[in-house]
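The primary structure of each chain is shown beneath.
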Amino acid sequence: MQTAKGQLAALGAPAVVFTVAMIAFPVVYTLYLSLVAFSATGATSFVGAGNYVRMVSDENFWNGVVVTFYLYILSLVLQLIFGTALALMLFRAKRLPGFVRSLFISPFMMPPVVAGMMWLVILDPSLGAANYILTSFGLPPSEWLASPQWVVPTLALIDTWQWSPYVALIVLGGLQSLPPSVYEAAEIDGASGWKRFWRITLPLLLPTLVTAMVLRSVDLLRFFDLIYITTQGGPANASLTLNIYGFRTGFEFFQLGYASALMVTLSIIVLGVTLVLNRLRHAVAW
Amino acid sequence: MSSLANRPSDRLIAILDVVLLVAAGIAVLAPVAWMVLSSFKESYEVTAYPPTIFFSPTLDNYRSLSETTPFLQFGINSLIVTIGSTALGILLGAPAAFVVSWTRITWPAIVTLLARMAPGTLFLLPWYVMFRQVDMIGTYGALILTHAVITMPIVIWVLLPFFDNIPRSVFEAAQVDGCSPVRIFWRIALPLVVSGLAVSSILAFVFSWNYFLFALVLSNSDTKTLIAASFNFIGEGSTNWGGLMAAATLIALPPLALALVVQRWLISGLTLGAVKG
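Quick caveat, the model's predicted, so the values are computed rather than measured.

The rules behind each value
Residues numbered from 1 in each chain as written. Chains lettered and ligands numbered in written order. Predicted model: local features only at pLDDT ≥ 70, side-chain atom pairs only at ≥ 80, totals over all residues. Helix = DSSP H or I, 4+ residues; strand = E, 2+ residues; numbered from the N terminus. Rg over C-alpha atoms; globule rule 2.2 N^0.38 Å. Buried ≥ 20, exposed ≤ 12 C-beta atoms within 10 Å, placed from the backbone. Contact = placed C-beta atoms within 7 Å. Domains from an automatic or database assignment. Nonpolar A, V, L, I, M, F, W, Y, C, P; charged D, E, K, R; others polar. Core = buried A, V, L, I, M, F, W, Y, C linked by C-beta atoms within 7 Å. Axes fitted to C-alpha atoms, helices over the stretch in contact; angles between N-to-C directions. Parallel < 35°, antiparallel > 145°, perpendicular 65-115°, else oblique. Left-handed = near helix turned anticlockwise from the far one by under 90°.

Caption draft 1: A look at the overall build of chain B. Secondary structure summary: chain B contains 14 helices and zero strands in total. Secondary structure elements of chain B, listed N to C terminal, follow the sequence α-α-α-α-α-α-α-α-α-α-α-α-α-α. Compactness check: chain B gives a C-alpha radius of gyration of 24 Å against a globular reference of 19 Å for 277 residues, more than 25% above the reference. Summarising its shape, the C-alpha atoms of chain B cover approximately 80 × 75 × 30 Å along the three principal directions. Looking at chain B as a whole, 46% of its 277 residues qualify as buried. A separation threshold of at least 6 residues defines the contact pool for chain B, and within that pool the share at least 24 residues apart is 78%.

Caption draft 2: Local environment of the domain arrangement of chain B. All names here are of chain B. Under the domain assignment used here, chain B contains domain 1 (2–60) and domain 2 (62–270). For domain 1 versus domain 2, the distance between C-alpha centres works out to 33 Å. Each partner contributes to the interface: domain 1 provides ten residues, whereas domain 2 provides ten residues. Elements that contribute at least two residues to the side of domain 1 that touches domain 2 include exactly α1 (2–39) and α2 (43–46). Sort the elements by how many residues they give to the side of domain 1 that touches domain 2 and α1 lands first, with four residues. In the side of domain 1 that touches domain 2, the residues fall into four nonpolar, four polar and two charged.

Caption draft 3: Representation of the interface of chain A and chain B within the structure. On the side of chain B, 72 residues touch chain A, which itself brings 71 residues to the contact. The biggest single contributor to the side of chain A that touches chain B is helix α1 (residues 2–33) of chain A, with 19 residues. When its residues are assigned to classes, the side of chain A that touches chain B shows 50 nonpolar, 18 polar and three charged.

Caption draft 4: Structural context of the nonpolar core. In terms of nonpolar packing, the biggest core is built from 156 residues, with Ala97(B), Val155(B), Leu159(B) and Ala248(B) touching the most fellow members. No other element matches the 17 residues that helix α7 (residues 140–164) of chain B contributes to this core. Other than its neighbours up to four places away in sequence, Ala248(B) contacts Val114(A), Met117(A), Met118(A) and Met35(B).

Caption draft 5: How the structure looks around the packing of helix α12 (residues 256–284) of chain A against helix α6 (residues 120–133) of chain B. Remark: α12(A) packs on α6(B), axes separated minimally by 9 Å, with the N-to-C direction vectors making an angle of 150°. Here α12(A) is positioned roughly antiparallel relative to α6(B), judged by the angle of their axes. Of the two elements, α12(A) crosses α6(B), and the hand of that crossing is left-handed. For the pair α12(A) and α6(B), contact is made by Leu256(A), Ala259(A), Ser260(A), Met263(A) and Ser267(A) and by Thr121(B), Leu122(B), Leu125(B) and Val129(B), respectively. For the contact of α12(A) with α6(B), the residue count by class is six nonpolar, three polar and no charged.

Caption draft 6: Layout of helix α5 (residues 112–122) of chain A. Here α5(A) lies mainly inside the structure; eleven of its eleven residues are buried. Listing the buried residues of α5(A) in full gives Pro112(A), Val113(A), Val114(A), Ala115(A), Gly116(A), Met117(A), Met118(A), Trp119(A), Leu120(A), Val121(A) and Ile122(A).

Caption draft 7: Summary view of unusual backbone geometry. Residues and elements named next belong to chain A. Look at the link from glycine 234 to proline 235: it is a cis peptide, with omega at -10°. Within the secondary structure, proline 235 sits in the loop between α10 (225–230) and α11 (242–251). In this structure, glutamine 232 takes a positive phi of about 55° despite not being glycine.

Right under this line is the structure:
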């Protein structure tokens, strides 16, 4: 028995050692880094909460908070709406071949960096296909990613293109697990399709939707690849999320201490939102 | 009684369903089609305005990609890092998932999940300092180790339900016969979860291949992965859209092809068990 326990521990040990060395220790180390300042010579000095105090009066930090949440909420709402709509369509189209179905779902398997390259060309303000389509419908062309006003909605739109299929995949799983008897009962009672959706399907889907919200929130709050590849936070800091700001502070300006404080703050925000949504998940469970 | 009255509106709904589905299909696939089309266009054609849909295709962009950039070397780097980190993820994650399933001690698995939630920069800052101290920045080793932080949680969470599905009586019978846990893992459990191993390695491969941030900082010009090198292609791409789209197409090809292979298992794998597929 003793050896059995020992063997189990030995099987799990490599993963535990790896987790401690590559995950737990670095997190603790970041917490420490967030309390120090690096001088030009590389020497460190302990500044206590100094880096955190500096955030309060840093307008780029507050701008980052606003941009992060603007992008997060806009993207999340769009993806939940389009994702649910796509899931309902695919759920009804029962005769759609599996291969076509997986094509519908495929965009989020593409690297976000490639999605960024692709949309950079499509959304080019002067030669892009998007503006050609807009103007041929008599609409004014847009500056898209080059406009401080439109850059966040444009990023949200690109992310929605890529990740609505992922939300659809999750919602589809939820739809398939709904008891068919509920629908049959509603149909016999003569409830219209619209009414069935609002009164029956949507409430029963709520737990699934909250799950999708949790999974998307974690990614959206630390939105990085797409922004870094397209705008790097510009124009005029209009897409400078906390994550991008923290990264640039650390690896372009080499203020590792302040960057650590920014990342600790962002991690706490992600954790907080996740915990709140988890509460919500328990509240809507059935 | 109502079936007769319903018929015309039923047909209308059926038509509407098809129209919506086609519209959704265009919205999802048209940008990708545009990317692939552009990659086969001559340089004067790719920036033509109004954009052209019909043109005589050329492979020039792909050819010049291999001639004027170290595209092949970046591709090999990507493969080394991706395969290395996938293997390491399996090596660490498979026994760990078995132990979690056997003992029901879940905290190590939850810690790895937290690692998936934190912004990558949180780890990157200390890693940068750590790897600089041991002079590992720019090495494949640093890239494989850091990418395993992405792959190991995927392996653990995908394999866990597969191990859970093996009846406990199988393990108990083996134990009565004097089988040690290591032997049970290696001889009995692992062969029973081969399909889980396949799904988890493919998902780990895709996510490691797609990962941008770590290689952006920890690679150098010799070990740069394709994803990290994308950044250079964009700099050059302002004058050469055809080349940029050819690079984008090639980089997206492996994960998209693999995704289509494992589409049946995508749900449970991608949601880390949060949704039953």
